[in-house]
Amino acid sequence: MRIKKIVGKKLKAIRLKNDMTIQELAERSGVSSNMISRVERGLTIPSVEILMKLAGVFDKSINYFVEEVSTTHEVVFTSPGHRDKTVYDDENNMHTESLTSGLRDPQFMSFLCTVPEGGTSGHKNMFHPGDELIYIMEGTLRISIAGEQHVLKPGDGLSFKSHLPHRWDNIGDGEAKVLWTLSPFTII
């Protein structure tokens, strides 16, 4: 089953189980009713930020929405071209490949991310519980954390508490390859 359909099916099921309309979920999560409808119908994959907002309403981790119990394991091997892929907001911002998809009850999420030239997390800061680790494999990212700027180049790593307001931009010539790890699975 494709990831869009898994997320949509689970979101609709938990919303109906909680006797909630799409509009009520939109108000409680801060996610537009149009986006929720598109996710439930399997038309789009929500960003990690949106998925965290939706999960928070039901006191679930985002893992609840993207993995099926029958497909989780205690040991997971991944290889290029065979990882679950998502897009962060839109094609111009970031493509991610999950390195932890299929792992049973992980306490962290890890992604291999490709950030196109000019890709950005947006103009608004994000924040959520937990910790983040960013390791640059190729390219250059500028990370702003609580107003402090960090320019990361290949081999650089940055760890921080995710409750601090943060955002990122690819300021290099070309795409950036980034290992991104979040711990624990986070709900907001």
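All values reported here derive from a predicted model rather than from experimental measurement.

Participant: Which residues make up the sheet that holds strand β8 (residues 166-170), and what values go with them?
Facilitator: A sheet is described by the order of its strands in space; here three strands give the open sequence β6-β5-β8, paired in antiparallel fashion. Only two strands of the sheet have a single partner each, and these edge strands are β6 (148-152) and β8. Strand-to-strand, the axes of this sheet are offset by a mean angle of 20°, without reference to chain direction. Note: strand β5 (residues 141-145) against β6, five bridges, orientation antiparallel. Residue pairing in the sheet places R142 in a bridge with V151 of β6.

Participant: Describe helix α4 (residues 48-57), and please don't skip the residues or the numbers.
Facilitator: Of the residues making up α4, those classed as buried are I50, L51, M52, L54, A55 and V57. Positive backbone phi, at 55°, marks D59, one or two positions downstream of α4.

Participant: Residues and numbers for the pattern of salt bridges, please.
Facilitator: Taken as a whole, this structure holds five salt bridges when the rule is applied. With its nearest N and O atoms 2.6 Å apart, the salt bridge here joins R15 to E40. Of this pair, R15 sits in helix α1 (residues 3-17) while E40 is found in helix α3 (residues 33-40), placing the two residues 25 residues apart along the sequence. Judged on exposure class, the residue R15 and its partner E40 are both buried.

Participant: Before we move on, could you go through unusual backbone geometry and cite the residues and values that matter?
Facilitator: Positioned with a positive phi, D59 is a non-glycine residue whose angle comes to about 55°. Structurally, D59 can be placed in the loop between α4 and α5 (63-66). For D59, a relative accessible area of 61% gives the class exposed. Despite not being glycine, A146 shows a phi value in the positive range, around 50°. Relative to the elements of secondary structure, A146 occurs in the loop between β5 and β6.

Participant: Before we move on, could you go through the environment of V115 and cite the residues and values that matter?
Facilitator: Of note, V115 is situated in strand β3 (residues 109-115). Put simply, V115 and L141 are 26 residues apart on the chain and 8.9 Å apart in space, counted from C-alpha to C-alpha.

Participant: I'd like a description of the pairing of strand β4 (residues 131-138), backed by residues and values.
Facilitator: In this sheet, strand β7 (residues 157-161) lies alongside β4 in antiparallel orientation, the contact comprising five bridges. Counted as the bridge partner of D131 is K161 from β7. Judged from the seven bridges that link them, β4 and strand β9 (residues 176-183) form a sheet pairing that is antiparallel. Paired with L133 across the strands is T181, a residue of β9.

Cut-offs used in this document
Residues numbered from 1 in each chain as written. Predicted model: local features only at pLDDT ≥ 70, side-chain atom pairs only at ≥ 80, totals over all residues. Heavy atoms only, no water. Pairing = 2+ DSSP bridges. Helix = DSSP H or I, 4+ residues; strand = E, 2+ residues; numbered from the N terminus. Axes fitted to C-alpha atoms, helices over the stretch in contact; angles between N-to-C directions. Buried < 20%, exposed > 50% of the residue type's maximum accessible area, 1.4 Å probe, protein only. Salt bridge = Lys/Arg side-chain N within 4 Å of Asp/Glu carboxyl O.

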